[in-house]
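# A structural walkthrough
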Amino acid sequence: MAAEFNLQRGLYPGCFTHITPSFFIPEMVYVDLDKRCPRFFADDATLHYVAERKQYAQTPSIKFYHADFSTELPETAQSFDLLLSFYAGFISEYCTHYLRPRGILVVNNSHGDGPLAYLNPHYRLIGVVNRRAEQFKLTFENLDGYFVTKSGKPLDKAGILRSMRGPGYTKAPYAYIFQKV
């Protein structure tokens, strides 16, 4: 994905200690409230681990904020190529302003953030990530079959916000790829 979209700078709210994006993206900013995270990100071994596995020429840059992503972060608006939303809540609702125009949001269906992005006029679904065992594949065609609920009912933003869950779908990928418009 980093090569497909020339991703150089990413924001990962609700990251816990998941640093895999730093293997592929030279500059990553991580945000989490978990009390174990500050020590993990401050440990020199973390940066060394990334430096040994990175897939780019630059020196990795890792910044961590022990913060709530729903509050303002000390980062410039529209300064990120990538926004990641996995298992942490409504990141697309709170962090869209950090993503540059035409930037990429990768989101799963956990906590209902996928359908919220789909309903958000600032985003356009451009692809999905499918997973089979440990193999991931990007798909950019035949996207009309996604976000079709099993119940046949339309997506309900208020219900998703209330329940913090997305509905079941007839077709569900590992993750959705949106572009900020």
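Fair warning: this is a prediction, and the values are worked out from it, not measured in the lab.

## Considerations on a nonpolar patch on the surface
A cluster of nonpolar side chains, contributed by Tyr87, Phe136 and Tyr174, occupies part of the molecular surface with about 340 Å² of accessible area. Here phenylalanine 136 is to be found in strand β7 (residues 135-139). On the basis of relative accessibility, which here comes to 44%, the residue phenylalanine 136 falls in the partly exposed class.

## Here's the deal with the sheet that holds strand β4 (residues 80-85)
Strand pairing in a sheet takes place through backbone hydrogen bonds and is either antiparallel or parallel in direction. The sheet built from eight strands is open, its strands ordered β3-β2-β1-β4-β5-β8-β6-β7 with mixed pairing. Of all the strands in the sheet, the pair left with one neighbour each is β3 (61-65) and β7. Strand-to-strand twist in this sheet, taken as the mean axis angle between neighbours without regard to direction, amounts to 20°.

## Quick notes on the pairing of strand β2 (residues 27-31)
For β2, a buried count of four out of five residues is recorded, marking the element as mostly surrounded by other parts of the structure. Judged from the five bridges that link them, strand β1 (residues 9-13) and β2 form a sheet pairing that is parallel. Within β2, the position partnered with glycine 10 by the bridge is methionine 28. Bridge count between β2 and β3: five bridges; the pairing is parallel. The residue of β3 that forms the bridge with methionine 28 is isoleucine 62.

## A look at the state of the cysteines
Going through the model one piece at a time under the given rule, you end up with zero disulfides. You can see cysteine 15 has no disulfide; the closest cysteine sulfur is in cysteine 37, sitting 5.4 Å from it. Classification of cysteine 15 as buried rests on a relative accessible area of 3%.

## Remarks on the nonpolar core
Membership of the largest hydrophobic core comes to 26 residues, with the highest contact counts inside it found for Leu11, Leu83, Leu105, Phe147, Tyr176 and Phe178. Mapped by element, the contributors of at least two residues to this core are β2, β4, α4 (91-95), β5 (99-107), β6 (123-132) and β8 (175-180). Leaving out residues up to four positions away in the same chain, phenylalanine 147 has contacts with Gly114, Pro115, Tyr118, Leu125, Leu155, Tyr169, Tyr176 and Phe178. Core analysis: the next-biggest nonpolar cluster, separate from the first, contains 24 residues, Ala2, Phe23, Tyr30 and Val129 among them.

Each value, and the rule that gives it
- Residues numbered from 1 in each chain as written.
- Predicted model: local features only at pLDDT ≥ 70, side-chain atom pairs only at ≥ 80, totals over all residues.
- Heavy atoms only, no water.
- Patch = residues over 30% accessible without salt bridge, like charges linked within 9 Å, V, L, I, M, F, W, Y side chains within 5 Å.
- Areas by Shrake-Rupley, 256 points an atom, 1.4 Å probe, with all protein chains shown as cover.
- Salt bridge = Lys/Arg side-chain N within 4 Å of Asp/Glu carboxyl O.
- Helix = DSSP H or I, 4+ residues; strand = E, 2+ residues; numbered from the N terminus.
- Buried < 20%, exposed > 50% of the residue type's maximum accessible area, 1.4 Å probe, protein only.
- Pairing = 2+ DSSP bridges.
- Axes fitted to C-alpha atoms, helices over the stretch in contact; angles between N-to-C directions.
- Disulfide = S-S within 2.5 Å.
- Core = buried A, V, L, I, M, F, W, Y, C linked by side-chain atoms within 4.5 Å.
- Contact = heavy atoms within 4.5 Å.

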